[in-house]
Amino acid sequence: MPTESVAVEDLTIDDAATELARLAKEVAHHDTLYHGKDQPEISDADYDALKRRNDAIEARFPELIREDSPSRRVGAAPSVTFAPVVHARPMLSLDNTFSQEDVQDFVASVYRFLGRLPDQSIAFTAEPKIDGLSMSIRYENGRLVTAATRGDGTMGENVTANIRTIKEIPTELPKGVPAVVEVRGEVYMAKSDFMALNKQMEAEGKQTYVNPRNTAAGSLRQLDAKVTASRKLKFFAYAWGEISDMPAETQFDMVQLFRDWGFPVNPLMKRLNSVADILAHYDDIGLKRPDLDYDIDGVVYKVDSLELQQRLGFRSRSPRWATAHKFPAEQAFTTVEKIEIQVGRTGALTPVARLTPVTVGGVVVTNATLHNEDYIKGLGNSGEPIRDEEHDIRIGDTVIVQRAGDVIPQVLDVIMEKRPADAVPYEFPKRCPVCGSHAVRERNEKTGKLDSVTRCTGGFVCRAQATEHLKHFVSRNAFDIEGLGSKQIDFFFESEEEALRIRTAPDIFTLERRQQNSLTKLENIEGFGKVSVGKLYAAINERRSIALHRFIYALGIRHVGETTAKLLARSYGTYEAFAAAMKGAAPLSGDAWNDLNAIEGIGEIVARAIVEFYKEPRNVEVISALLSEVTPQDAEQPVTSDSPVSGKTVVFTGSLEKFTRDEAKAKAESLGAKVAGSVSKKTDIVVAGPGAGSKLDKARELGVQTMDEDEWLALIRG
Ligand code: IVH
C-alpha cells in the first residue's frame with residue numbers, strides 16, 4: 001500500500017525504506033523533466049513537497065538515507081529564476097509596534113520630528129496589514145508593463161506574466177492617469193480559496209499546504225503562468241513607487257484614486273485624528289479579524305499628508321511616517337521532547353527545544369529556540385526572572401509556545417502541574433558538542449557580568465564554526481553562489497582529497513584550478529554531473545567581482561549584518577581604505593578609531609568587534625588569500641551627487657526655526673551631506689539659527705562658510 005498519506009511519525013521502518021526508494025526515483029524523474037526538457041509534470045510546490053517528505057523521513061530514519069537520495073544530489077533542485085528588476089523607488093519595510101505605548105511613542109515622534117504642538121493635529125490613516133507578498137506593478141501610458149516582487153527592497157524579481165493572470169489587477173488604466181504609475185500592494189490568497197485548494201490536494205492524496213501566505217508565494221513563483229492562473233490570487237493596493245505626476249495630496253485620497261482606477265482597496269482603511277481613535281480602530285479590526293477572508297497580522301498607521309510624509313522621510317529601511325501595530329502572537333501548549341545544541345558561525349551554543357508537533361496559528365511548530373543557558377533557567381539577559389517563580393525548562397515539560405510572524409517560535413512558560421516527577425534541571429554543556437573544545441561564557445569587561453551566550457573556544461578548529469562561516473559566505477546576501485548550498489559545503493569541507501577540499505573561502509575560488517590538475521574529478525562524484533559542475537564553476541567565477549558591502553558582510557564579522565556592512569562600504573568607499581582604517585583603529589583610540597565610531601549607526605560594540613576581527617592574524621591571512629581571487633568593487637557614492645551639499649560636512653547650531661534639528665539632519669543626509677556635532681577644519685558649512693554662539697565663532701575663526709536657515713534652504717532647493 002502506498003504510504004504517502006501516513007504521517008512520518010507513524011511509518012514503520014520497512015514502510016519508510018520503501019517510500020524513500022520510491023521518492024528517490026520519483027524526484028529523479030522530475031529532475032530530468034525539469035532540466036532536460038524544461039517541461040515539468042508537477043508544480044514546484046509539489047516537487048518541494050516530495051523533497052520535504054523525503055527529508056522528514058530521513059530525519060526520522062537517518063540509517064535509511066540512500067546513496068541516490070534527493071537530499072544528496074547537487075544542483076538538481078529546480079531553482080526558479082526570474083529576471084531581476086531594479087525598483088525605481090526602493091520598496092521599504094515597516095517598523096513594528098506592539099503596545100499602546102509604542103503607538104503613542106510613534107505618534108509623539110512624528111510630532112517631535114516636525115516640531116508640531118499636540119494641538120496642531122496631524123491626521124493618520126489606519127488599515128489592516130495584509131499577510132501576503134508585496135508587489136510593485138508599473139504602468140506606462142496606462143498599460144501594465146512590469147510587475148516585480150519586493151526582493152531585497154532594491155531589486156526584485158520580474159513576475160509580470162504571473163501577475164497578469166490575477167483578474168483583480170487591471171492591465172489597463174483609465175484615460176488621464178499619469179504617464180508613469182507604480183501601484184504597490186499585497187498579493188494574497190483568500191482563506192476560503194486556500195482551504196478549497198487543500199481539500200483538493202487531500203482528495204488527490206497530495207501533501208497539503210502550510211498557510212495561505214506561503215501558498216500565494218509558491219503560486220507566484222511559477223515559471224508556468226497557467227499554474228498561477230489556477231490559484232485565484234487576489235490583491236489590495238495601498239502604496240506606490242514612481243509616479244510621474246502626483247494626482248493627490250494625501251495617503252487616503254491616493255488609495256481612493258486606486259479604487260477609481262479599478263484596483264481592489266481595503267474597505268477597513270480609515271482616516272483618524274487622535275491616538276485614541278487609532279487604537280479604537282485597531283481593536284475594531286482585531287475583533288473583525290476572524291471573520292475576514294484574508295490573513296492580517298496587524299494594523300498599519302501612516303501620516304496622511306503626503307507633504308508631511310516627504311518631510312519625515314526614511315530611516316535606512318523604513319519610513320518615519322508609518323508603523324505596523326502588530327497583533328499579539330499566537331500561542332499553544334506542547335511538550336519538550338529533547339533539548340539539542342546548535343553551534344553557530346560565531347561559536348555560540350544555542351539550545352533548541354524539539355517539541356511534539358503542535359499547530360500555532362495555522363503553522364506546525366516542532367522546534368523552538370531556548371536562546372541560552374539562562375533562558376532555560378528562567379533568567380533574562382540581566383539576570384532578572386522571566387517566568388513566574390523562575391520556572392526553568394526541562395525535558396518532558398509541558399510548555400506554552402508562541403509564534404509571532406516569521407520569527408522562530410519561543411517557549412514562553414512551563415505548566416508546573418504537568419511536570420513529570422522525574423524531570424531534572426537541564427545541564428548546559430561545558431564543551432562544544434561538535435569539536436569538544438571548552439565552551440565558556442565570557443565576562444563583560446565593563447560590567448563584570450557573565451555574557452548570556454556560551455561560546456565554543458575552538459575557533460577555526462571547530463567544524464561547526466568553520467562550515468557555518470562558509471555557509472554564511474556563500475549565502476544570498478553575501479556572495480550568493482548558486483549550487484553551493486549547505487549540503488555541498490559540508491561535502492567539500494569533509495573531503496579528504498586536496499583537489500576537492502574547501503576549508504576557507506579562498507578555497508572556493510581555487511577549486512576549479514585544483515581540479516584541473518587532479519585525477520579525482522568532481523563530475524564523477526555521486527550527485528555532481530558534468531553540467532552541474534560547469535554551472536558551479538560559472539557561478540563561482542561570476543562572483544570574482546563583487547560589491548564592497550557584500551564582501552564585507554560575507555567576512556562574517558560579529559555584529560556586522562547587512563546594514564552595517566553597507567554603512568561601512570559607503571563610509572570607506574574602497575576595501576583598501578576600510579582595511580587600513582581598521583588596522584589603524586587597533587589601539588581603540590586615535591583618528592581611525594574615532595572616525596569609525598562617528599559613523600551614524602555604528603556603536604562601540606560593533607566597532608570593537610570589527611577591530612578585534614582585524615587583529616586576528618588568521619583572518620587577515622584568509623582575506624589576503626581571498627583578495628588574490630576576488631575584487632571588491634568600490635562602493636557607489638549616494639545617488640544625490642547632483643546636490644550642491646553632497647559630500648559636504650555640515651554643522652547646525654543655534655535654535656532652528658524653520659525645521660527641527662532632526663529634520664534638518666535627516667534632510668541634509670538624504671542629500672548626501674554628513675552632519676557633524678562640532679566645528680573643525682573639516683567642516684564645510686555651518687548653518688546658524690538665532691542665538692548661535694561658540695560654534696559660529698569657531699567657524700568664523702577657521703574661515704568656514706556660514707549661513708542662516710533661509711540661505712541653507714535656498715542652497716538645497718537649488
Ligand atoms: S505600507 C513604505 N501598508 O508589510 C511602506 N504595507 O512590514 C510601504 N504590508 O513590505 C508599506 N499590508 O508587504 C503597507 N496596508 C499595508 C500593508 C503593508 C501589508 C506589508 C508590505 C511591507 C510589509 C512591511
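Scoring rules and cut-offs
The residue numbers shown here count from 1 along each chain, following its written sequence. For a predicted model such as this one, the threshold for reporting local features is a pLDDT of at least 70, and the threshold for listing and counting side-chain atom pairs is 80 or more; totals across whole chains, interfaces and linings nevertheless cover every residue. The side-chain numbers reported here are obtained from all heavy atoms of the structure, hydrogens and water having been left aside. Only DSSP runs of H or I reaching four residues or more are called helices, and only runs of E reaching two or more are called strands; each is numbered from the N terminus. Our radius of gyration looks at C-alpha atoms and nothing else; its globule reference is 2.2 Å times the residue count to the power 0.38. Only protein chains enter the accessibility calculation, which uses a 1.4 Å probe; a residue is then buried when its area is under 20% of its type maximum, exposed when over 50%, and partly exposed in between. Only heavy atoms enter the contact rule, under which two residues are in contact if any of them lie within 4.5 Å. In this tally, Lys and Arg are treated as positive and Asp and Glu as negative; His is ignored, and so are the chain termini. Every charge is mapped to an atom, namely NZ of Lys, CZ of Arg, CG of Asp or CD of Glu. In this analysis an axis means a line fitted to C-alpha atoms, helices contributing only their contacting stretch, and an angle means the value between N-to-C directions, from 0 to 180 degrees. Throughout, the term roughly parallel applies to angles under 35 degrees, roughly antiparallel to angles over 145, roughly perpendicular to angles from 65 to 115, and oblique to all others. Helix crossings are classified by the rotation of the near helix relative to the far one: an anticlockwise turn of less than a right angle makes the crossing left-handed, while a clockwise turn makes it right-handed. Here the nonpolar group is Ala, Val, Leu, Ile, Met, Phe, Trp, Tyr, Cys and Pro; Asp, Glu, Lys and Arg are the charged ones; every other residue, Gly included, is treated as polar. Aromatic pairs are defined between Phe, Tyr and Trp rings, using the six-membered ring for Trp, whenever the two ring centres lie within 6.5 Å; interplanar angles under 30 degrees are classed as stacked, those over 60 as edge-to-face, and all others as tilted. Consider the ring centre and the ring normal. A charge sits over the ring if Lys NZ or Arg CZ is within 6 Å of that centre and within 35 degrees of that normal. To form a nonpolar core, buried Ala, Val, Leu, Ile, Met, Phe, Trp, Tyr and Cys residues must be joined to one another through side-chain atoms within 4.5 Å. UniProt positions are given in the numbering used here, feature names are shortened, and annotations may be inferred rather than shown by experiment. As used here, the arc is the angular range of directions from the helix axis to the C-beta atoms. Two N or O atoms form a polar contact when they lie within 3.5 Å of each other; inside protein one atom must be a possible hydrogen donor and the other a possible acceptor, and for residues adjacent in sequence the pair counts only when both atoms belong to side chains. Here, strands pair whenever DSSP counts at least two bridges between them.

### Considerations on the overall build of the protein
Helix and strand counts for the protein stand at 24 helices and 24 strands. Over its C-alpha trace the protein gives a radius of gyration of 28 Å, about what one expects of a compact globule, namely 27 Å for 718 residues. If one aligns the C-alpha atoms of the protein with their principal axes, the spans along those axes are about 85 × 60 × 60 Å. Relative to its full complement of 718 residues, the protein shows a buried share of 46%. Relative to all contacts within the protein whose residues are 6 or more apart in sequence, the contacts with residues 24 or more apart total 65%. Taken as two groups, the 90 positive and 106 negative side-chain charges of the protein have centres that lie 2 Å from each other.

### Some words on the packing of helix α14 (residues 505-516) against helix α21 (residues 617-627)
At a minimum axis distance of 8 Å, the contact between α14 and α21 shows a crossing angle of 30 degrees. Considering their axes alone, α14 and α21 lie roughly parallel with respect to each other. The interaxial crossing formed by α14 with α21 has left-handed handedness. Across the interface between the two elements, Ala 505, Pro 506 and Phe 509 from α14 touch Val 622, Ala 625 and Leu 626 from α21. The residue inventory of the contact of α14 with α21, partitioned by class, reads 6 nonpolar, no polar and no charged.

### Some details on the packing of aromatic side chains
Counted under the stated rule, the structure contains 24 aromatic pairs. A ring pair is formed by Phe 473 and Phe 479, whose centres lie 4.2 Å apart and whose planes are at 15 degrees; its orientation type is stacked. Every member of this aromatic cluster is reached through a ring pair, and the members are Phe 473, Phe 479, Phe 509, Phe 551, Tyr 572, Tyr 575, Phe 578, Phe 613 and Tyr 614. A cation over a ring is seen here: Arg 387 above Tyr 375, with NZ or CZ 4.8 Å from the ring centre. Positioned above the aromatic ring of Phe 460 is the side chain of Arg 618, whose terminal nitrogen or guanidinium carbon lies 4.6 Å from the ring centre.

### A few points about the nonpolar core
Counting residues in each nonpolar core, the largest one holds 58 residues, and the members touching the most others are Ile 508, Leu 568, Leu 596, Ile 610 and Tyr 614. In terms of residues, this core owes the most to one element, helix α20 (residues 604-615), which gives 6 residues. Leave out the neighbours within four places in its chain, and Leu 568 touches Ile 552, Val 560, Gly 573, Phe 578, Leu 596, Ile 599, Ile 602 and Ile 610. Among the nonpolar cores identified, the runner-up in size contains 40 residues, and Leu 144, Ala 216, Leu 233 and Phe 252 belong to it.

### A look at the UniProt feature "binding site: NAD(+)" (unreviewed entry) in the protein
The UniProt entry lists Asp 44, Ala 45, Asp 46, Tyr 47, Asp 48, Ser 93, Leu 94, Glu 127, Arg 150, Glu 186, Lys 302 and Lys 326 under the feature "binding site: NAD(+)" (unreviewed entry), expressed in the numbering used here. By secondary structure assignment, the location of Tyr 47 is in helix α2 (residues 44-60). Residue classification places Tyr 47 among the buried positions, given a relative accessible area of 4%. Mapping Glu 127 onto the fold places it in strand β3 (residues 124-130). Accessibility expressed as a relative area gives 5% for Glu 127, which makes it buried. Sequence-distant contacts of Glu 127, defined by excluding residues within four places in its chain, comprise Tyr 238, Leu 268, Met 269, Ile 285, Gly 298, Val 299, Val 300 and Lys 302.

### Side note on helix α24 (residues 709-717)
Here α24 has its buried residues at Glu 709, Trp 712, Leu 713 and Ile 716. Each buried residue of α24 lies within a common arc of 100 degrees when the element is viewed along its axis, so the set occupies one face. Those residues of α24 hidden inside the fold are in contact with β21 (649-653), α22 (661-670), β23 (685-688) and β24 (705-707). One side-chain oxygen at the N-terminal end of α24 lies 3.2 Å from the backbone nitrogen of Asp 710; it belongs to Asp 708. Remark: Gly 718 follows α24 within two positions and exhibits a positive phi of approximately 70 degrees.

### Quick notes on the sheet that holds β23
Taken in spatial order, the 4 strands make up an open sheet running β22-β21-β23-β24, and their pairing is parallel. At either end of the open sheet lies a strand with only one pairing partner, and these are β22 (674-676) and β24. Each strand axis lies, on average, 30 degrees off the axis of its neighbour in the sheet, ignoring direction. Sheet topology note: the β23/β24 ladder contains 3 bridges and is parallel. Note on β24: the bridge partner recorded for Val 687 is Met 707. The strands that α22 touches are β21 and β22; relative to β21, the one it contacts most, it runs at about 170 degrees. Along the sheet, α24 contacts β21, β23 and β24; its crossing angle with β23, the most-contacted strand, is approximately 130 degrees.

### Things to note about the packing of helix α19 (residues 591-598) against α20
Two measures define how a pair of helices packs: the angle their axes make with one another and the distance between the axes. Between α19 and α20, the shortest axis-to-axis distance is 9 Å and the interhelical angle comes to 135 degrees. Accordingly, the angle class assigned to the pair α19 and α20 is oblique. Read as a crossing pair, α19 and α20 show a hand that is right-handed. Every residue of α20 that contacts α19 at Trp 593, Leu 596 and Asn 597 is listed here: Glu 604, Ala 607, Arg 608, Ile 610 and Val 611. For the contact of α19 with α20, the residue count by class is 5 nonpolar, 1 polar and 2 charged.

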